[in-house]
Amino acid sequence: MTFQALLLTQDGGATQAAVTALEESALPADGDVLVAVDYSTINYKDGLAITGRAPVVRKWPMVAGIDGAGTVLESAHPRWRAGDRVVLNGFGVGETHWGCLAQRARLKGDWLVKLPDAFTAQQAMAIGTAGYTAMLSVLALERAGVAPGDGEVLVTGASGGVGTVAIALLSKLGYRVAASTGKTAEADFLKALGAAEVIDRTELGKPGKPMQKERWAAVVDSVGSHTLVNACAQVRYGGAVTCCGLAQGLDFPASVAPFILRGITLYGIDSVMAPMARREQAWQRLATDLAPDRLRAITSEIGLSGAIEAGRRIVEGGMRGRVVVNINA
Ligand SMILES: NC(=O)c1ccc[n+]([C@@H]2O[C@H](COP(=O)([O-])OP(=O)(O)OC[C@H]3O[C@@H](n4cnc5c(N)ncnc54)[C@H](OP(=O)(O)O)[C@@H]3O)[C@@H](O)[C@H]2O)c1
């Protein structure tokens, strides 16, 4: 039997992407659960893989898609049975193991999370790795003791996937949110999501002083580089910053000053290899703390044939919110 997949191949060092019919027998043998994928999504990392802009893919050919939601068809894993609804985020899927921008995926049962009853497969992929990482970031701030009454929380990369979900979550939890964006024309959209204030990202994107006026109780950053450095320099005494992304850059040209003079803490957030207990906690909290109308407001839907163009758009910083891929459309 054949299935449709977004296949990535290499030709003279360049990545080629095409929707292709593949034989089910070609699926990787090192998986104990066969999943009918209903929805996937385009994360920043999917964009990097599809365009070949960064060495995300480690084995060729590769089926793209780091996220998937669907139904178990066959299982040799004790935890899963045919008919179970599951979500997959990361674990190297779409990088070293064939991914979920495909009608079929053979995955390891140890990687799967039960789809919370609160969500459809479409909603789970509207959240995707970006939204689950936003939740991991909020959980890290909570563990750091940051409470809603402490002051404003800055969210950088505000109009992106991590940023929009972080704004929706933090505002629902009662935090006052400041959104930093390059798309100031989207200020009304960001305010409707829950931002109390919108700032132009150029304020944060250039080299700044190592210690600046204390402004934020905490920061959720998905941008890195000078933006993360300036955010740290503006965090109040004892505050916390989470760091998960590199949309501006992989560099961190910082001073230790805010760490040793204001006692601030920087938390690294990794979604790919996060332990199962933390994943399940994040998905349960998303089910209670993410308002469905806000999720709807940030989501647009495409078919598998639109995934290549969406991958190009996200690495160019042109995406607003989250894009889900209806695999069977
Ligand atoms: N550590 C992890 O496990 C993990 C998990 C998920 C994502 N990530 C990373 O987090 C980042 C965001 O992912 P995403 O899916 O949210 O991507 P996204 O939807 O493309 O959002 C990134 C946002 O960053 C801003 N941005 C883009 N280029 C910029 C630049 N040159 N300078 C400053 N800001 C810029 C844009 O927002 P504005 O236009 O509003 O400024 C953009 O929408 C990516 O680097 C991704 O790889 C990491």
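Each remark here, short or long, concerns the structure printed above.
Predicted model only: the values in this text are computed from it and were never measured.

Draft legend 1. Expanded view of the site of the ligand. Around the ligand lies a shell of 26 residues, among which S159, V162, T181, G182 and S271 are the nearest. Note that an oxygen atom of the ligand is positioned 3.5 Å from one of the backbone N or O atoms of Y44. Take S159: an N or O atom from its side chain is 2.8 Å from an oxygen atom of the ligand. Its free accessible area being 910 Å², the ligand has 88% of it covered by the protein chains. Secondary structure elements with two or more residues in the shell around the ligand: α2 (121-143) and α3 (161-172). The class makeup of the residues in the shell around the ligand is 11 nonpolar, 12 polar and three charged. Mapped onto the domain boundaries, the shell around the ligand takes at least three residues apiece from domain 1 (2-115 + 298-326) and domain 2 (129-268).

Draft legend 2. Structural detail: helix α6 (residues 225-233). α6 sits mainly inside the fold: eight of its nine residues count as buried. All of the buried residues in α6 are S225, T227, L228, V229, N230, A231, C232 and A233. Tucked inside the fold, the buried residues of α6 contact β9 (153-155), α5 (202-205), β12 (216-221), β13 (235-243), α7 (257-261) and β14 (265-268).

Draft legend 3. Main features of the sheet that holds strand β10 (residues 177-181). On the basis of which strands lie adjacent, the open sheet formed by six strands has the order β11-β10-β9-β12-β13-β14 and parallel pairing. In this open sheet, the two edge strands, each paired with only one partner strand, are β11 (195-200) and β14. Between one strand axis and the next, the sheet turns by 20° as a mean value, whatever way the strands run. With five bridges joining them, β10 and β11 adopt parallel strand pairing. Residue pairing for β11: V177 is matched across the bridge by A195. This element, α3, spans β9, β10, β11 and β12 of the sheet and lies at about 160° to β9. Contacting β9, β12, β13 and β14, α6 crosses the sheet at an angle of about 155° to β13.

Draft legend 4. Summary view of the packing of aromatic side chains. Inspection of every chain in the model, using the stated rule, returns two aromatic pairs. When the ring of F91 is compared with that of W111, the centres are 5.9 Å apart and the planes differ by 15°; the resulting orientation is stacked. Taken together, the residues F91 in the loop between β6 (85-89) and β7 (104-107) and W111 in the loop between β7 and β8 (113-114) connect sequence positions 20 residues apart. Residue classification places F91 among the buried residues on the basis of a relative accessible area of 15%. An angle of 75° between the planes, with centres 6.1 Å apart, marks the rings of F119 and W283 as edge-to-face. On the criterion of sequence distance, the pair formed by F119 in the loop between β8 and α2 and W283 in helix α8 (residues 276-289) is long-range, its members being 164 residues apart. Of the two residues, F119 and W283, both sit in the buried class.

The rules behind the values
- Residues numbered from 1 in each chain as written.
- Predicted model: local features only at pLDDT ≥ 70, side-chain atom pairs only at ≥ 80, totals over all residues.
- Heavy atoms only, no water.
- Near = heavy atom within 4 Å.
- Polar contact = N/O pair within 3.5 Å; in protein donor to acceptor, adjacent residues only side chain to side chain.
- Areas by Shrake-Rupley, 256 points an atom, 1.4 Å probe, with all protein chains shown as cover.
- Helix = DSSP H or I, 4+ residues; strand = E, 2+ residues; numbered from the N terminus.
- Nonpolar A, V, L, I, M, F, W, Y, C, P; charged D, E, K, R; others polar.
- Domains from an automatic or database assignment.
- Buried < 20%, exposed > 50% of the residue type's maximum accessible area, 1.4 Å probe, protein only.
- Contact = heavy atoms within 4.5 Å.
- Pairing = 2+ DSSP bridges.
- Axes fitted to C-alpha atoms, helices over the stretch in contact; angles between N-to-C directions.
- Phe/Tyr/Trp six-rings, centres within 6.5 Å; stacked < 30°, edge-to-face > 60°.

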